Amino acid sequence: ALLITDKCINCDMCEPECPNGAIYYGPEIYEIDPALCTECVGHYDKPTCISVCPIDCIIDHPEHRETEEQLWEKFVLLHPPQ
Ligand code: SF4
Ligand code: SF4
């Protein structure tokens, strides 16, 4: 999962772009729910929140490192086949 650092300027660019609804407005800045963030695996080649963030304040979450395989498993859980 990814992490929004406290450099976030609350510009609101990333929240509507997340395909998993993982980004929400927290007490002070936008935050990412690690349980919902697949690092955009299954949707995009690169994390789309990083692509739209004007100040590059989104980083790998140091406490939620996941392999590509784990991210795919999360994607399948979040988006079960119809
Ligand atoms: Fe959402 Fe993708 Fe950013 Fe994770 S990396 S918060 S899934 S836009
Ligand atoms: Fe914060 Fe970047 Fe999201 Fe804007 S795009 S709300 S600066 S994390």
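Preceding this paragraph is the structure being described.
Residues numbered from 1 in each chain as written. Chains lettered and ligands numbered in written order. Predicted model: local features only at pLDDT ≥ 70, side-chain atom pairs only at ≥ 80, totals over all residues. Heavy atoms only, no water.

1. A few points about the site of ligand 2
In the neighbourhood of ligand 2, 14 residues make up the surrounding shell, with Cys8, Cys11, Asp12, Cys14 and Cys53 lying closest. When the residues that make up the shell around ligand 2 are grouped by side-chain class, the tally is twelve nonpolar, one polar and one charged. (Near = heavy atom within 4 Å. Nonpolar A, V, L, I, M, F, W, Y, C, P; charged D, E, K, R; others polar.)

2. Here's the deal with the nonpolar core
Formed by 16 residues in total, the largest nonpolar core has its most connected members in Ile4, Ile23, Ile32 and Ile58. Breaking this core down by element, the ones donating at least two residues are strand E1 (2-4) and strand E3 (30-32). Residue contacts for Ile32: discarding those within four places in its chain leaves Leu2, Leu3, Ile4, Ala22, Ile23, Tyr24, Cys37 and Ile58. (Core = buried A, V, L, I, M, F, W, Y, C linked by side-chain atoms within 4.5 Å. Buried < 20%, exposed > 50% of the residue type's maximum accessible area, 1.4 Å probe, protein only. Helix = DSSP H or I, 4+ residues; strand = E, 2+ residues; numbered from the N terminus. Contact = heavy atoms within 4.5 Å.)

3. Considerations on the environment of Ile4
Looking at where Ile4 falls in the secondary structure, it is placed in strand E1. Between the alpha carbons of Ile4 and Asp45 there is a distance of 19 Å; along the sequence they are 41 residues apart. Other than its neighbours up to four places away in sequence, Ile4 contacts Ile23, Ile29, Tyr30, Glu31, Ile32, Cys57 and Ile58.

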